[in-house]
Amino acid sequence: MKKLLPTSTAGSLPKPSWLAEPEKLWSPWKLQGKELIDGKHDALRVSLQEQKQAGIDIVGDGEQTRQHFVTTFIEHLSGVDFEKRETVKIRDRYDASVPTVVGPVSRPNSVFVEDARFLRQQTDQSIKWALPGPMTMVDTLYDDHYKSREKLAWEFAKILNQEAKELAAAGVDIIQFDEPAFNVFFDEVKEWGIACLERAVEGLKCESVVHICYGYGIKANTDWKKTLGSEWRQYEEVLPKLQQSNIDMISLECHNSRVPVELLELIRGKKAMVGAIDVATDTIETPEEVAVTLRAALKYVDADKLYPCTNCGMAPLSREVARGKLNALRAGAEIVRRELSA
Ligand SMILES: [Zn+2]
C-alpha cells in the first residue's frame, strides 16, 4: 500500500557556507569554474543526505545549484539582457533591480536537466523538482520587447514545457511550478495565469504541482503580511479555478499563517501539499504543532491526497534550524499517520 502523508519540502534548503554566504537570498558563489561545478554537486549530495536522514519521503535538490528560484532559470534563456537592468516593483511589493527582455525569448539548451539526472542517480526515492511559473517569471523582469505580460508569459510557458518534459524524461516524479505571483495579481491569474500554467504542463508524463505562498521569511514579505488583516483570503481568489485545471497538486502555506484552513475545501479532489512548517521564524515546530496543522487540513483534504510540506523554501534559514524543521515535519506526519491507521 502507498505510504500515507508523504513528506516533502517546498524546494530550497540552506547552502553550505563554503559554497555561498549563508542566510541570504541571491548569495554570491564562493567558488568559480570547475570548483563551482563540483561544489554545487557536493552540496546537492549533502542536501539530499540531510533530507534522507530527516526521513523526508519525496526528496529534492535543495536548489543547491541555483542562486535564486527565478533568475537562475532566466539566466539560461536567450532574449534577456542581464547587463541592462531596471528597477521594478515585484509582486507589487518591493523594488528590485531586474534584467531586461530585449528580444524573443528561447531556451537554447536545457537548464536543470543534468542536475536532475545527477540527483536521480543518487536516490531511488521519489524526486520533486521546482521551476518558476510563467507569471512569476514575467513579474521578475523588465519587458522591453513584448510589451505585454500575457504574451511574455505564453512564451515562457512554452519554454517551461520543454524543460519540464526533459526533466520528466530524466526521472523526475513531480514538477513544481512556483507561482507566488498568483497570490497578488488575481485578475491576471484568472485571465491568463492558470491557462499559461496548463500550457507549461501540456503532455507532461509526470505529476505537476503549483506552489503558491506568501514568500520567503524576508522583511519585505513579513511587512506585507502585516497589511493583510486578520484573515488571509487570497487563496479564495484562485483556488476554485485551479481546482478545475489540469494541475495535479496544489502547494499552500498553512502553518502559523492567517489562511483560514477551510479554504482547502475549494480544491477538494486535488492533491494538497499542506505547509506545516513556518519558514519565517527560527523557532522549530514541535511534532505536535505539525500534527495539529495536518489534522486541521484532514477535515478538507482526503488522507490519500494530503502531502505534508513546508510553507515555502528554507534557503534563508540556518542549516541547523532547517534540519530541525525537517525532523519536526517527519515526526509530525508520523503522529498523524499512526492516528489514521489506528
Ligand atoms: Zn514559496
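Residues numbered from 1 in each chain as written. Predicted model: local features only at pLDDT ≥ 70, side-chain atom pairs only at ≥ 80, totals over all residues.

This part covers the overall build of the chain. Counting its secondary structure elements, the chain contains ten helices and nine strands. Taken over the C-alpha trace, the chain has a radius of gyration of 19 Å; the compact-globule value for 342 residues is 20 Å, and the two agree within 12%. Residues classed as buried in the chain amount to 44% of the 342 residues present. (Helix = DSSP H or I, 4+ residues; strand = E, 2+ residues; numbered from the N terminus. Rg over C-alpha atoms; globule rule 2.2 N^0.38 Å. Buried ≥ 20, exposed ≤ 12 C-beta atoms within 10 Å, placed from the backbone.)

This brings us to the environment of K190. Mapped onto the elements, K190 comes out in helix 6 (residues 186-200). With 47 residues separating them in the primary sequence, K190 and E237 have C-alpha atoms 8.7 Å apart.

By the criterion of burial, strand 5 (residues 174-178) is predominantly enclosed, with five of the five residues buried. Bridge count between strand 3 (residues 128-132) and strand 5: five bridges; the pairing is parallel. Its bridge partner being in strand 5, A130 is matched across the sheet by Q176. Two strands pair when backbone bridges link them, and strand 5 and strand 6 (residues 207-212) are joined in this way by five bridges, in the parallel orientation. Looking across to strand 6, one finds that I175 is bridged to S208. (Pairing = 2+ DSSP bridges.)

This part is about the nonpolar core. Residues I250, A272, V274 and L294 are the most contacted members of the largest nonpolar core, which totals 99 residues. With nine residues, helix 5 (residues 149-169) is the single largest residue contributor to this core. (Core = buried A, V, L, I, M, F, W, Y, C linked by C-beta atoms within 7 Å.)

Moving on, we get to the sheet that holds strand 2 (residues 94-106). In space, the three strands of this open sheet follow the order 1-2-4, with mixed pairing throughout. Sheet topology places strand 1 (78-90) and strand 4 (142-143) at the edges, where each strand pairs with a single neighbour. Sheet topology places strand 2 next to strand 4; two bridges connect them, and they run parallel. Residue T100 lies in a different strand from strand 4, and its bridge partner there is Y142. In this fold helix 5 packs onto strand 2 and strand 4, with an angle of close to 70 degrees to the strand it touches most, strand 2. (Contact = placed C-beta atoms within 7 Å. Axes fitted to C-alpha atoms, helices over the stretch in contact; angles between N-to-C directions.)

Now for helix 10 (residues 319-341). Structural remark: α-helix, 3.6 residues per turn; residues separated by three or four positions point the same way. For helix 10, built from 23 residues, the straight-helix expectation of 33 Å at 1.5 Å per residue is met to within 8% by its first-to-last C-alpha distance of 33 Å. The inward-facing, buried residues of helix 10 contact helix 1 (33-54), helix 9 (287-297) and strand 9 (306-309). (Expected span 1.5 Å × (residues − 1).)

Sheet topology places strand 1 next to strand 2; nine bridges connect them, and they run antiparallel. Of the residues in strand 2, the one forming a bridge with D81 is T100. The antiparallel pairing of strand 1 with strand 2 creates a hairpin that spans three residues between the two strands, and R91 there sits at a positive phi of about 55 degrees.

Moving on, we come to the sheet that holds strand 9. Spatially, six strands are ordered 3-5-6-7-8-9 in an open sheet, and the strand pairing comes out parallel. Here the strands that pair on one side only, and so sit at the sheet edges, are strand 3 and strand 9. The sheet shows a mean angle of 25 degrees between the axes of neighbouring strands, direction not considered. Strand direction decides the pairing type here: strand 7 (residues 249-253) and strand 8 (residues 271-275), joined by five bridges, are parallel. The residue bridging I250 from the neighbouring strand is A272, located in strand 8. In the packing of helix 5 onto the sheet, contacts are made with strand 3 and strand 5, and the angle to strand 3 comes to roughly 170 degrees.

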